[in-house]
Amino acid sequence: MHVLILGGTTEARVLAGLLDPSVRVTSSLAGRVAAPRLPAGEVRIGGFGGPAGLAAWLREHAVDAVIDATHPFAERISFNAAEAAATAHVPLLALRRPGWVPVDGDDWRSVTSLAEAARALDGLGERVFLTTGRMGLAAFADRPEWFLVRSVDAPDAPMPARAEVLLDRGPFTLDGERALIRKHRVDVLVTKDSGGAATAPKLRAAREAGLPVVVVRRPPVPEGVPVATTPEEAAAWALRAPAPDTA
Ligand code: NAP
């Protein structure tokens, strides 16, 4: 039994730990992060060369099941996985942590892209805490506001003209997020709906400070791909080794 985990998330690492060593596990990372936290089992790094390359890899390495445990916003690899799994007749499951849900006191503005998030900043204040990651910041390049840009690795150019970069990786604490908002006199938070506990404290800190939050909604999971919401559920699916046509 050989399971390929498309990774790059905390959940993917937990899942690899749950499956290894009962089955052969290979985790695949895109190679975007300079010093990634490595999961248990085998690890390969770098793209496959589109859906055809991934399908070939599945065949060559006799993969019995694929779990797409990539970040909810890693849209292309998820669609590639759906196409490749269908071509290679390998069952596929998507592991997606649940999205965040607003509670009383939250002032959230939902948008569907970074470009829309940039436009949504009109009238929300001068100082923006931008936590959408290091890629795609070109969408904010022409904005007049000042930005605190937090990301794991240095962001790609182009960036907002007036910005301070804070290199940091979660989990983040509520006290830490409160302090950042105070120190930088933040007026508005911008986030993807990444879900999970590691980066959720910023939402509570924003609520407490009465800040509006621009939330980029998730792209859909490819049609027909079953979804698990926890590593445990995904591990149970893999160990059942479903046939491709029932996956
Ligand atoms: P993406 O746009 O969906 O994928 C772009 C290309 O990167 C894919 O076509 C594929 O190249 C390669 N790729 C992506 N994930 C891969 C993986 N796990 N293993 C091997 N190749 C992979 O992805 P992205 O948004 O750039 O994210 C890249 C990685 O960072 C993902 O694995 C994701 O889990 C992680 N991540 C993303 C975000 C985010 O906000 N997007 C946040 C945290 C972590 P080929 O076509 O050549 O196979």
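Everything numeric in this text was worked out from a predicted model, so none of it was measured.

J.: Before we go on, may I ask you to explain the sheet that holds strand E8 (residues 146-151) in this structure?
T.: Hydrogen bonds between backbone groups are what pair the strands of a sheet, and the pairing can be parallel or antiparallel. Pairing is parallel in the open sheet, where six strands are placed in the order E6-E11-E10-E7-E8-E9. Each edge of the open sheet is held by one strand with a lone partner, namely strand E6 (107-111) and strand E9 (163-167). On average, adjacent strands in this sheet sit at an angle of 20° to one another, irrespective of strand direction. Inspection of the sheet shows strand E7 (residues 127-130) paired to strand E10 (residues 188-192) by three bridges, in the parallel sense. Across the sheet, residue Val 128 finds its bridge partner in E10, namely Val 188. In the packing of helix H5 (residues 174-183) onto the sheet, the strands contacted are E7, E8 and E9, and the crossing angle to E8 comes to about 155°.

J.: Sorry if this is basic, but what is going on with the domain arrangement of the protein chain here?
T.: Accessible area lost on assembly of the parts is the figure often given for the size of an interface. When its domains are assigned, the protein chain resolves into domain 1 (2-98 + 219-240) and domain 2 (108-216). For domain 1 and domain 2, the distance between their C-alpha centres works out to 28 Å. Summing the contributions of domain 1 and of domain 2, the shared interface buries around 870 Å²; its carbon and sulfur component is 48%. Ranking the residues of domain 1 by area buried against domain 2 places Arg 32, Arg 37 and Phe 73 at the top, with a combined share of 54%. At the boundary of domain 1 with domain 2, the tally comes to zero salt bridges. Counting every contact that joins domain 1 to domain 2 gives seven residue pairs in polar contact (both at pLDDT 80 or more). The class makeup of the residues in the side of domain 1 that touches domain 2 is seven nonpolar, one polar and three charged.

J.: Hey, could you run me through helix H7 (residues 231-240) in this one?
T.: Residues lying three or four places apart along an α-helix face the same way, a consequence of the helix completing one turn every 3.6 residues. For H7, the full list of buried residues reads Pro 231, Ala 234, Ala 235, Trp 237 and Ala 238. Projected onto a plane normal to the axis of H7, the buried residues spread over an arc of 160° and lie on a single side. Within H7, the exposed residues directed more than 90 degrees away from the buried face are Leu 239 and Arg 240. Of the surrounding elements, those touching the buried residues of H7 are strand E1 (2-6), helix H1 (10-19), strand E4 (65-68), strand E5 (92-95) and strand E12 (227-228).

J.: Would you take a moment to explain the packing of aromatic side chains for this structure?
T.: Each aromatic ring pair is described using two quantities: the centre-to-centre distance and the angle formed by the ring planes. Inspection of the entire model under this criterion finds two aromatic pairs. A ring pair is formed by Phe 48 and Trp 57, whose centres lie 5.7 Å apart and whose planes are at 75°; its orientation type is edge-to-face. In terms of burial, Phe 48 and Trp 57 fall into one category: buried. When the centroid spacing of 5.7 Å and the interplanar angle of 65° are considered together, the rings of Phe 140 and Phe 147 count as edge-to-face.

Scoring rules and cut-offs
- Residues numbered from 1 in each chain as written.
- Predicted model: local features only at pLDDT ≥ 70, side-chain atom pairs only at ≥ 80, totals over all residues.
- Heavy atoms only, no water.
- Pairing = 2+ DSSP bridges.
- Helix = DSSP H or I, 4+ residues; strand = E, 2+ residues; numbered from the N terminus.
- Axes fitted to C-alpha atoms, helices over the stretch in contact; angles between N-to-C directions.
- Contact = heavy atoms within 4.5 Å.
- Domains from an automatic or database assignment.
- Buried area = accessible area lost by both parts, 1.4 Å probe.
- Salt bridge = Lys/Arg side-chain N within 4 Å of Asp/Glu carboxyl O.
- Polar contact = N/O pair within 3.5 Å; in protein donor to acceptor, adjacent residues only side chain to side chain.
- Nonpolar A, V, L, I, M, F, W, Y, C, P; charged D, E, K, R; others polar.
- Buried < 20%, exposed > 50% of the residue type's maximum accessible area, 1.4 Å probe, protein only.
- Arc of directions from axis to C-beta.
- Phe/Tyr/Trp six-rings, centres within 6.5 Å; stacked < 30°, edge-to-face > 60°.

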